[in-house]
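Structural characterization, general
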Amino acid sequence: MAEEEGPPVELRQRKKPKSSENKESAKEEKISDIPIPERAPKHVLFQRFAKIFIGCLAAVTSGMMYALYLSAYHERKFWFSNRQEIIEPVYFYIGIVFGLQGIYVTALFVTSWLMSGTWLAGMLTVAWFVINRVDTTRIEYSIPLRENWALPYFACQIAALTGYLKSNLNTYGERFCYLLMSASTYTFMMMWEYSHYLLFLQAISLFLLDTFSVEQSDKVYEVYKIYIFSLFLGYLLQFENPALLVSPLLSLVAALMLAKCLQLNVKKGSFVAKIIKVINFYLVCTLTITLNIIMKMFVPHKENGHMLKFLEVKFGLNMTKNFTMNWLLCQESLQAPSQDFFLRLTQSSLLPFYILVLIICFLSMLQVIFRRINGKSLKETVTLEDGRIGERPEIIYHVIHTILLGSLAMVIEGLKYIWIPYVCMLAAFGVCSPELWMTLFKWLRLRTVHPILLALILSMAVPTIIGLSLWKEFFPRLMTELMELQEFYDPDTVELMTWIKRQAPVAAVFAGSPQLMGAIKLCTGWMVTSLPLYNDDDLLKRNENIYQIYSKRSAEDIYKILTSYKANYLIVEDAICNEVGPMRGCRVKDLLDIANGHMVCEEGDKLTYSKYGRFCHEVKINYSPYVNYFTRVYWNRSYFVYKINTVISFQS
């Protein structure tokens, strides 16, 4: 009887336990299997805290010192002996811009510190940035530029992105980096009309990072969401700016999101996975171009048509006699870098160390890529002994990004102000990183000295030697610049601004070169017909029309052009009218003659004869018909101001 009743009892006992209890017990078993990490000793925690505290203090101090240096340098460089006390709002504006530059330097400091693990890299970054300030910033002589407002936020975004991509970041640090990245991305996009192009290059870098390193795929797509959010919020708050809808950034991110939805889950490292990677890459490129074309077909826009034409002419794909295109090509900032540029970077030791760091990181990155192609698994945590700096996702991103920026800077010199700060940060990170030296020693198979010990020594010794040499050579120069008092002496311009404030009607509208009009707007607040902004087709066309005052056109033509823009006063600059430039064909009057057909620029072109003299010369002579349309009201050695007559009186 007992043997027959036994089995049913066992079956009933197996049916009674609930699934929730099983899960809880399984969880308990798993938790018990996980080893509990030991608490770090107090002295280790104190060392970490002291390291972070000193690094943060050094970063903030560097930013504040740089802002104070800019203020002192500006006072010494552009000192006015007859300065009045009506200018406090201007100094508030300048102080805000200088403060942002301090944030800019602090962000570069933090980025280099995050990558290398030592704040010594941040100090070296700041030193190189200040020493090479001719190539790192235009703040010294062009304070009101929008890039001076925008680039500090871009630097903060890069610092946050660097921290976000790190593999060993805890949850709280990851959230903080994500929030900072979101805020700085949106602010950067609102500050500068060209911001979405820089973010487009960044998105390409992240796309390539995702292609080469699957571990950070989820994080990369979170960044894409930030781009989409910032684009649409910027579109709404910038009064439905169509430029953001037809931006290549939006097309690329949309293509990446669509490609992810279509992606298949296959075993990593298999032949099928490699084929899918190639197909995915082709799909993203095709979708990006297609979506951008579709958006431009359905969204009315006038944005950046001149930029595409400029690039066509720049790379020799097209020829033109258009004044605006040829004038842009003649601008120094849009030409290729000169030899002096590379010489300056070499003298400060920045370029040689940057090239060394870039080569080591790039080759290490290629090793990682080939290892993945061959199906070899990568280590979850890269240690110093491994000597594989190219496995770190933030390093891969920065290598790709700096190569893209550098390639563009080699074609257009003006982009050096975005690239060279990056160069300072990357070079400083490399020489201060033990991992980089360890990677090099692994390749050299160094055995005479312990490689880890040597890497640690070099990561401290090399930046120290560089810092001491920079201090010895460049610090006396910086101090000399701050000691010298250089007065801003341009009496003709000061007299012109004074006359406008005292004699011109408040409702007067002035016409002249965009650069002078920008100065008048800033110094006096009076209305002007044009400004030195080159991101709008209509504004560029207006500038070209106003520049006709230096062409061989009739008085009637010039009068019609100026009155169409409701101008009351015309200012002729003697420096442009009698310009003797080193490059014939790049003077404003030459470009106007080419565009109007009054000068032969190529073989086979026909020279069109103009029966009128150059307007800026003829109007000074005060004879009919020029005096019928224009009355001279003020002049000095550099400027001639004419009132545009509302009632035309014809004189013999």
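Just so it is clear, the structure is predicted and the values come from calculations on it, not from any experiment.

Along the chain, threonine 529 falls in the loop between strand S2 (527-528) and helix H24 (537-546). Accessibility expressed as a relative area gives 4% for threonine 529, which makes it buried. Apart from the residues within four sequence positions on either side, threonine 529 is in contact with Val509, Phe510, Ala511, Gly512, Arg542, Ile546, Tyr565 and Ala567.

Empty space among the atoms can be located by rolling a probe the size of a water molecule over them. Its boundaries defined by the atoms lining it, the largest cavity holds a volume of some 110 Å³. As for the largest cavity, its lining consists of Tyr104, Ala107, Leu108, Thr111, Leu151, Phe154, Ala155, Ile158, Ile418, Pro421, Tyr422 and Met425. Sorting the residues of the lining of the largest cavity by element identifies helix H4 (88-116), helix H7 (146-165) and helix H19 (416-431) as the ones contributing at least two each. Taken together, the residues that form the lining of the largest cavity break down as 11 nonpolar, 1 polar and no charged. Counted as a void, the second largest cavity has a volume near 50 Å³.

Right, let's talk about the state of the cysteines for a bit. Within this structure, the stated rule accounts for 2 disulfides. Note that cysteine 330 is cross-linked by a disulfide to cysteine 586, the S-S spacing being 2.1 Å. Taking the sign of the S-S torsion, about -80 degrees here, the bridge from cysteine 330 to cysteine 586 comes out left-handed. Residue cysteine 330 is located in helix H15 (residues 323-330), and its partner cysteine 586 is located in the loop between helix H26 (574-577) and helix H27 (588-595); the two are separated by 256 residues in the primary sequence. Judged by its relative accessible area of 18%, cysteine 330 is buried. Judged by relative accessible area, cysteine 586 falls into the partly exposed class, the value being 22%. Between the sulfur atoms of cysteine 577 and its disulfide partner cysteine 616 the distance amounts to 2.0 Å. Its S-S torsion of about 80 degrees marks the bond between cysteine 577 and cysteine 616 as right-handed, since a negative value means left-handed. Of this pair, cysteine 577 sits in helix H26 while cysteine 616 sits in helix H28 (residues 615-618), placing them 39 residues apart in sequence. By the burial criterion, cysteine 577 is buried, and cysteine 616 matches it.

Analysis parameters
- Residues numbered from 1 in each chain as written.
- Predicted model: local features only at pLDDT ≥ 70, side-chain atom pairs only at ≥ 80, totals over all residues.
- Heavy atoms only, no water.
- Helix = DSSP H or I, 4+ residues; strand = E, 2+ residues; numbered from the N terminus.
- Buried < 20%, exposed > 50% of the residue type's maximum accessible area, 1.4 Å probe, protein only.
- Contact = heavy atoms within 4.5 Å.
- 1 Å grid on protein atoms, 1.4 Å probe; cavity = no way out; pocket = protein on both sides within 12 Å on 5 of 7 lines; lining within 4 Å.
- Points joined across faces, edges and corners; volume = space filled by probe spheres on them.
- Nonpolar A, V, L, I, M, F, W, Y, C, P; charged D, E, K, R; others polar.
- Disulfide = S-S within 2.5 Å.

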